[in-house]
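Here is how the chains run, residue by residue.
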Amino acid sequence: MKGFVFSNTNRNIGNWDAVMRWVEEVMTPLSVCLSDTNSCLEALQRLSEINSSGCPVVDKAGELLGIVTMKVLIERTIHNDRSPAEVSCLEAVERNPVVIKPSLRLAEAWACQFDLAVVIEEDGQVVGVLSRADLAVALYQEAEFQVKELEAILNSAHNGIVVINSDGRITSFNNRAVQLFTEVSREAIGRHVLDVVPIGLMETLETGKSEYSQEFRVGQRTYIMNRAPVIQEGQITGAVGVFQDISEIKSLSQELAAVKELNSELNSIIQSSTDGLCVTDSAGIVRRINRIFQKVSLGNAQDLIGRGIQEIEEAVYGHPLFDLVLQRKQPVTIIDNKNNRSLLVSGNPVFDEDGKLLQVVINLRDMTFLNQMQQELIDAKRIRENCQELSESRDHLETGGMIGTGPEMIRVFELIRRVAKVESTVLLFGESGVGKEGIGKLLHTQSNRAEGPFIKLNCGAIPEQLLESELFGYEQGAFTGARREGKIGMFELAHNGTLLLDEIGDFPLNLQPKLLRVLQEREIVPIGGAMPRQINVRILAATHKDLEEMIRAGQFREDLYFRLNVVPISIPPLRQRHEDIIPLLNHFRDKFSKKYGFKREFSPEVIEAFLEYDWPGNVRELENMVERLMVVSAGDLIQVSQLPISFKSSSSKSARVSVNSLMPLKEAVDEVERQLIDKALEKFGSTYKAAAALGVNQSTVVRRMARFRRTDAESPA
């Protein structure tokens, strides 16, 4: 084969290295070539048919002889005397044409010098022709596509890109650059870079050095830039700047730092909370817990995080709190009381903006100690308030030796203050010696009748034959032995005042109807009299007997009982109000010290014996005992040896510990402590008073109680 053959092994392709199209895509394909037997006319007709400026000519063996072109054929026809049909096409053949392969790149084909080239396959078969004009059009289209492709790439880039030429004028300014520099438009292309954005590209032209991660500011925005020179054939022909607005990144970085700091603070708050905290996701998987929750659940973070909260709930507080929160979609609070422990547990759902559940926060608080402290605080507050009220009316409360600081007596005094202002009949219940007469006087002195008389009549101390005349009086000559002038009864003596009928249970049955009439009609008829007399008397009654039992036995009228029992007041015995023993002791000590003119004090052992004694005679017995000890004592300090035998035996008996069987010494000590604390709490009602009675600090009592509860919880059922 003659001529020059070019394939893709040639690499002299200049600036078209990026062109990826091939000759076979652009050539004019040929199925049949001209032969050496064809005339010029036939060649012209053939070129017209294939719409080509030339066509290869082959011999009978298919070997390429050359190529004929439209131009040469026309010239041969015009300048020849013979007819075109008579002139052989061989006379117009150009020998040694340029031969190229169909797999040759267009850029490589352009490097060959030809007007029309023959395209031949590797096996020597002629497959087409390629004109330089067609090649130029294809290369132009490819270049145009590449320019548009590059422009699209530049404009789709996230970073701003600015390209300048060697004069510093902008040749490329992509869309992102326009967005970042909003005051600059597309008119930036062609302008000098210093007139548009001062981004240091002129320095890159001068130095020819690439620079990376250079930070600069334009207005309020912060940018970071990479700069590099454009070098062609060893010369700096331009510079490229690629930059990114990092204002948001810096802001996000600052926000991230703030979030990290906030998260650290939040974690510190969660861990320092005195409540147990647990955070789960929407599926109930534990994501975060604090140390208190670990302590209450008897687990650790490694074991609990990642587990389902339902499993933990069953072991800790035994309620499906998480499921309740999911069902109700609102906060849920439960209280769990078991194993001598009270837990307040709250579940709070956390939703996103669309109302979708994100998390559930569970708050767990051990209320055992708080409930105990709250109750003690309530008791202390009530006692303080009552003591304040008692202090304001001390003169009235101490009338007749009526002293009480315990809750039972305070309730009695509160009831007295309310009842004293009305005219209702009051029935006083209480054992002998508790101070029923003193309560009656207190009711009188605090009532609107305080300026009137207070008359007391012991119904059991007056013979039945004289009781009627004592109560109702009699007229002149009413009976044999009566006074000539008659007698005024107790009811009339108590006019505008108060009459206390003590020991009403001993009131004779035959006189009870007459007493009932007085209570109903507020009038009396003296013995031997005919006209009733109006009286203005408030009736109080007192007894130590069970009147309801007497009614069942037929010894007391039921209707009279109901008339008397309008407002019942029960006065507790002294053995039920040990907190009043010491105040009463001091009161009577001061009373007799003033009466007899000397001063005595009681030793701690005597006071302890007084507290241990049951006082069957109540306040009256205590008063008599104080007077007796102060009178018979030889010294200023009354010793326990001066107490009666009954006191010593009672004290000794109460202090003795009974041992019925053998047990480890530590268990025995714990059991004694437990029983003493239980008795002290039952007796005094608060840990502070119990601790004072036991001679220890209140915190010691609380710790012992907590230890006993743990022991009970750990012991097998």
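## Some thoughts on the confidence of the model for the protein chain
Okay, step 1: Summing up the model confidence of the protein chain, the mean pLDDT is 81 and the portion of residues at 70 or higher is 88%.
Okay, step 2: Confidence, read as mean pLDDT per element, is least for helix 14 (residues 394-397) in the protein chain (42) and greatest for strand 26 (residues 537-543) (93).
Okay, step 3: Between residues 1-7, whose pLDDT stays under 50, and residues either more than four places distant or in other chains, the model counts 23 contacts.
Okay, step 4: This model gives residues 392-401 a pLDDT under 50, and the stretch forms 15 contacts once residues within four places in sequence are excluded.

## Regarding the sheet that holds strand 5 (residues 64-69)
Okay, step 1: If you trace the three strands from one edge of the open sheet to the other, you get 3-4-5, paired in mixed fashion. Only two strands of the sheet have a single partner each, and these edge strands are strand 3 (34-35) and strand 5.
Okay, step 2: Pairing between strand 4 (residues 54-58) and strand 5: five bridges, direction antiparallel. Paired with Val57 across the bridge in strand 5 is Gly66.
Okay, step 3: Packing of helix 1 (residues 40-50) onto the sheet brings it into contact with strand 3, strand 4 and strand 5, and relative to strand 4 it is tilted by some 125°.

## Considering the packing of helix 26 (residues 665-684) against helix 27 (residues 687-694)
Okay, step 1: Axis separation between helix 26 and helix 27 bottoms out at 8 Å; the angle between their running directions is 125°. Our classification of the angle between helix 26 and helix 27 gives oblique. Pair helix 26 / helix 27 crosses with right-handed handedness. Of helix 27, the residues touching helix 26 (which contributes Leu676, Ile677, Ala680, Leu681 and Phe684) are Thr687, Lys689, Ala690, Ala693 and Leu694.

## Brief notes about the packing of aromatic side chains
Okay, step 1: Going through the model one piece at a time under the given rule, you end up with seven aromatic pairs.
Okay, step 2: Ring geometry for Phe592 versus Tyr596: centroids 6.2 Å apart, planes at 15°, classification stacked. Taken as a pair, Phe592 and Tyr596 lie in helix 22 (residues 581-596) at a separation of four residues, close to a single helical turn.
Okay, step 3: Here Phe592 falls in the buried class, since its relative accessible area comes to 2%.
Okay, step 4: The class of Tyr596 is partly exposed, set by a relative accessible area of 33%.
Okay, step 5: With 5.9 Å between their ring centres and 10° between their planes, Tyr596 and Phe598 make a pair best called stacked.
Okay, step 6: In this structure an aromatic cluster arises from ring pairing among Phe602, Phe610, Tyr613 and Trp615.

What counts, and at which threshold
- Residues numbered from 1 in each chain as written.
- Predicted model: local features only at pLDDT ≥ 70, side-chain atom pairs only at ≥ 80, totals over all residues.
- Heavy atoms only, no water.
- pLDDT = per-residue confidence, 0-100.
- Helix = DSSP H or I, 4+ residues; strand = E, 2+ residues; numbered from the N terminus.
- Contact = heavy atoms within 4.5 Å.
- Pairing = 2+ DSSP bridges.
- Axes fitted to C-alpha atoms, helices over the stretch in contact; angles between N-to-C directions.
- Parallel < 35°, antiparallel > 145°, perpendicular 65-115°, else oblique.
- Left-handed = near helix turned anticlockwise from the far one by under 90°.
- Phe/Tyr/Trp six-rings, centres within 6.5 Å; stacked < 30°, edge-to-face > 60°.
- Buried < 20%, exposed > 50% of the residue type's maximum accessible area, 1.4 Å probe, protein only.

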